[in-house]
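Observations on chain architecture
The residues making up each chain are set out below.
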Amino acid sequence: MISGPKAVSAQIENAFRSMAAALKSCEYDRYLRLESQFYLGVVKPVETEAHHEQCYAALDPLGEFYGDILKSALSSVRVAKRVCRLCYLLPNIDNDLAHVEFLYNVLKNHDPDSDLAVTVAGYGSNGASIGSRYLSRLAAERRVSLIKISDSHQGRLQFLRFFCEQGFSQLVVFSVPLQLSGWVRVLGPDLVTWVTTKFELASFHALKSRVSFFGPSVVQTDTQSIWRRSCAAISPASIVEHRPATTGHARLVTINRTEKIRHPVFLESVSRILRQEPDASFSWTGRAHDAEIQSYFERSGVADRCRFIGWVDPVKTLAEHDIFLDTFALSGMVATQSFCSGMPTVFFRDSRAWVQIYETSLQEYFECSPRHVLAASIDDYVSGVLVLIRNPSVYAQRCADQRRFAKRFFLDEKLMYETHMSILREAVDKAIERGNSSG
């Protein structure tokens, strides 16, 4: 029996009903397509923690129901003795989106001769070739092995048979938690870890092992969940030193998806900056021009100084601008790269910006107010940008301060790998120990 969601939006409830109907009629491929559409059309467009929490919590019982279906189909599978082997699971193995690049930057430090064998699996279109260049590079260097999974119910069953028969000790669902509740249901909580690259959610009540990159290797607890945190780092090779323009610092830019840009707090902040600084301009990105963003700027009277520049090469685009404006609810990788390059970058608090991890050190490294780096309000954000535009000496000092801060906290990829992998190795070791004792 699938219990319906409580206190959710009509959009979520309608999606729940469609997916539940597909499961009850044994249309499992349709269920998987609907779940994917739900993520792309409902979850992803609103980049806030509360929204993601609401969506995933509502669908948790569907995932468990699907997990029971998978488990029943695998009742005759031979489960091998667990070995020191883990498998990352990606929503797509044929692209190099930000989360894939991030995983590459972690695993490129994995020793090919390590006793911990690492496999990366992911869904993809027909054909044996792997589309991700990052992951293919890891495989060519023998750091990982790769598996492409058919994006279907049968594909998931085949993958689970392989996982059990090969004695894997941990399934690491990386980034998007599709079917996460199902994996926990069929394999058990000892064998499943979720590694998030976004929010630390309390959803998925049966999940025990939760890992993020939002801080040093510590345990973060609340009333519902326990999160293990590892360090995060930017690849130094991805950073091009910012060379400021000789005159004027009023060319503002954000390089983000439109789902992040269209948040009203961010749009209001940009509009206020432009109204108070007539010489300033703002460039914004996206895969397609967003009518809601355009309409907001038109109503605010600043549309003539706002330019949509499409889906861009970040390195080239950053070089053509002076100040990076990060979005409100969820910070991005390019914002961190901008910050590390020395390009003045302004963040919002509680946006998962890496700067907030080391907030207590801001005063030590920055001559400006910490609130001008990590804004707690629209007023903080606007004033922080305006002083950069209007005061060349403040601008120059900010460039230098960011580089010093980044060198101290954001560039140690080896530490990122070590803190992350120590958490996963602990989960692997516990799973092996429990498997041996139960056997």
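Provided above is the structure to which this section pertains.
Summarised in this report is the structure supplied together with it. Just so you know, these numbers come straight off a predicted model, no measurement behind them.

Let us look at the overall build of the protein. Scanning the protein from terminus to terminus reveals 16 helices and 14 strands. Computed over its C-alpha atoms, the radius of gyration of the protein comes to 23 Å, within 12% of the 22 Å expected for a compact globule of 439 residues. Its C-alpha atoms put the protein at 70 × 50 × 45 Å along the principal axes. Within the protein, buried positions represent 55% of all 439 residues. Long-range contacts, defined here as pairs at least 24 residues apart, represent 71% of the contacts in the protein between residues at least 6 apart.

Here helix α3 (residues 49-73) contains 25 residues, and its C-alpha end-to-end distance of 35 Å stays within 8% of the 36 Å for a straight helix at 1.5 Å per residue. Within α3, the axis deviates most sharply at Asp60, by approximately 40°, and proline Pro61 lies no more than four positions further along.

Residues Ser209 and Val211 of strand β6 (residues 209-212) are buried on one face, and the alternating residues Arg210 and Ser212, pointing to the opposite face, are buried as well. Summarising the sheet, strand β5 (residues 192-195) and β6 pair through three bridges and their orientation is parallel. Within the sheet, the bridge partner assigned to Thr193 lies in β6 and is Ser209. Relative to strand β8 (residues 226-229), β6 runs parallel, the two sharing two bridges. Residue pairing across strands places Val211 opposite Arg228, the latter belonging to β8.

Now for the state of the cysteines. According to the stated counting rule, one finds zero disulfides in the structure shown. Of all cysteine sulfurs in the structure, the one in Cys340 sits closest to Cys231, which takes part in no disulfide; the separation is 14 Å. Classification of Cys231 by relative accessible area gives buried; the value is 8%. You can see Cys399 has no disulfide; the closest cysteine sulfur is in Cys368, sitting 11 Å from it.

Attention shifts here to the pairing of strand β1 (residues 85-90). Counting buried positions along β1 gives six out of six residues, so the element sits mostly inside the fold. Residues of β1 alternate between two faces, with Arg85, Cys87 and Leu89 on one and Leu86, Tyr88 and Leu90 on the opposite face, all of them buried.

To continue, consider helix α4 (residues 98-107). Burial analysis of α4 places eight of its 10 residues in the buried class, which makes it a mostly covered element. Listing the buried residues of α4 in full gives His99, Val100, Phe102, Leu103, Tyr104, Asn105, Val106 and Leu107.

With that settled, the discussion passes to the packing of aromatic side chains. Scanning the entire structure with this criterion turns up 30 aromatic pairs. A ring pair is formed by Phe102 and Phe213, whose centres lie 4.6 Å apart and whose planes are at 80°; its orientation type is edge-to-face. Of this pair, Phe102 sits in helix α4 while Phe213 sits in the loop between β6 and β7 (218-221), and the two are 111 residues apart along the sequence. Measuring from centroid to centroid gives 5.9 Å for Trp354 and Phe410, while their planes differ by 65°, and the two rings are edge-to-face. With Trp354 in the loop between β13 (345-348) and α13 (362-365) and Phe410 in the loop between α15 (392-409) and α16 (413-438), this pair connects stretches of sequence that are 56 residues apart. Phe410 sits in the buried class, given a relative accessible area of 2%. Here a set of aromatic residues connected by ring pairs shows up, and it is made of Phe102, Phe213, Phe339, Phe347, Trp354, Tyr358, Tyr365, Phe366, Phe405, Phe409 and Phe410. The aromatic ring of Tyr123 is capped on one face by Arg156, whose charged end is 4.1 Å from the ring centroid. The cationic tip of Arg287 hangs over the ring face of Trp311; the distance from NZ or CZ to the ring centre is 4.0 Å.

Turning next to the environment of Glu27. Residue position: Glu27 is located in the loop between α1 (10-24) and α2 (28-43). Sequence-wise, Glu27 and Val270 are 243 residues apart; in three dimensions their C-alpha atoms are separated by 47 Å.

As a further point, take the packing of α1 against α2. At their nearest, the axes of α1 and α2 sit 8 Å apart, and the two run at 165° to each other. Regarding the angle of α1 to α2, the classification is roughly antiparallel. When the axes of α1 and α2 are compared, the crossing they make is left-handed. From α1, Gln11, Ile12, Ala15, Ser18, Met19, Ala22 and Leu23 reach across to α2, where they touch Tyr28, Arg30, Tyr31, Leu34, Glu35, Phe38, Gly41 and Val42. In the contact of α1 with α2, the residues fall into 10 nonpolar, three polar and two charged.

Time to look at the nonpolar core. In terms of nonpolar packing, the biggest core is built from 59 residues, with Leu86, Tyr88, Leu107, Phe339, Phe405 and Phe410 touching the most fellow members. Core analysis: the next-biggest nonpolar cluster, separate from the first, contains 56 residues, Phe16, Tyr31, Leu74 and Val176 among them.

With that settled, consider the sheet that holds strand β11 (residues 306-308). Taken together, the six strands give an open sheet; going across it, the order is β11-β10-β9-β12-β13-β14, and neighbouring strands pair in parallel fashion. Pairing within the sheet leaves two strands with one partner each, and these edge strands are β11 and β14 (374-375). Direction of pairing for strand β10 (residues 281-284) relative to β11: parallel, over a ladder of three bridges. Each residue of the ladder has a partner; that of Phe282, found in β11, is Cys306. Packing against the sheet, helix α12 (residues 333-341) makes contact with β12 (323-325) and β13, and its axis sits at approximately 135° to β13.

Below, the discussion takes up the packing of helix α9 (residues 264-276) against helix α10 (residues 291-299). Direction vectors running N to C along α9 and α10 enclose 40°, while the axes themselves pass 10 Å from each other. Put simply, α9 runs oblique to α10. As α9 runs across α10, the sense of the crossing is right-handed. In this structure, α9 contributes Pro264, Leu267, Glu268, Val270 and Ser271 to the contact, and α10 contributes Ile293, Tyr296 and Phe297. Residue composition of the contact of α9 with α10, by class: six nonpolar, one polar and one charged.

The rules behind each value
All residue numbers here refer to positions counted from 1 along the written sequence of the relevant chain. Confidence filtering applies because this is a predicted model: local features only for residues at pLDDT of at least 70, side-chain atom pairs given and counted only at 80 or more, and all residues used for totals across whole chains, interfaces and linings. By convention in this description, side-chain values take in all heavy atoms of the structure and omit both hydrogens and water. Here a helix means four or more residues in a row that DSSP labels H or I, a strand means two or more in a row labelled E, and each is numbered from the N terminus. Restricting the calculation to C-alpha atoms gives the radius of gyration, and the globule rule supplies 2.2 Å times the number of residues raised to the power 0.38. Each residue is placed in one exposure class: buried if its accessible area under a 1.4 Å probe, protein chains only, is under 20% of its type's maximum, exposed if it is over 50%, and partly exposed if it falls in between. Here, residues are in contact when the closest pair of their heavy atoms is within 4.5 Å. A helix is expected to span 1.5 Å for every residue after the first. Across the chain, bend at a residue is computed as the angle between axes fitted to the seven residues ending at that point and the seven starting from it. For two strands to pair, DSSP has to find at least two bridges joining them. Only a pair of cysteine sulfur atoms within 2.5 Å counts as a disulfide in this structure description. Two rings from Phe, Tyr or Trp (for Trp, the six-membered ring) form a pair when their centres are within 6.5 Å of each other. A pair whose planes differ by under 30 degrees is stacked, one over 60 is edge-to-face, and the rest are tilted. In this analysis the charged atom, NZ for Lys or CZ for Arg, is taken to sit over a ring once it is within 6 Å of the ring centre and within 35 degrees of the ring normal. Note on definitions: angles span 0 to 180 degrees between N-to-C directions of axes, and those axes are lines fitted to C-alpha atoms, for helices only across the stretch in contact. In these notes the angle categories are as follows: under 35 degrees is roughly parallel, over 145 is roughly antiparallel, 65 to 115 is roughly perpendicular, and the rest is oblique. Crossing handedness is read from the near helix: turned anticlockwise from the far helix by less than a right angle, it gives a left-handed crossing, and turned clockwise, a right-handed one. The classification used treats Ala, Val, Leu, Ile, Met, Phe, Trp, Tyr, Cys and Pro as nonpolar, Asp, Glu, Lys and Arg as charged, and all other residues, Gly among them, as polar. Nine residue types can take part in a nonpolar core, namely buried Ala, Val, Leu, Ile, Met, Phe, Trp, Tyr and Cys, and a core is a set of them joined through side-chain atoms within 4.5 Å.

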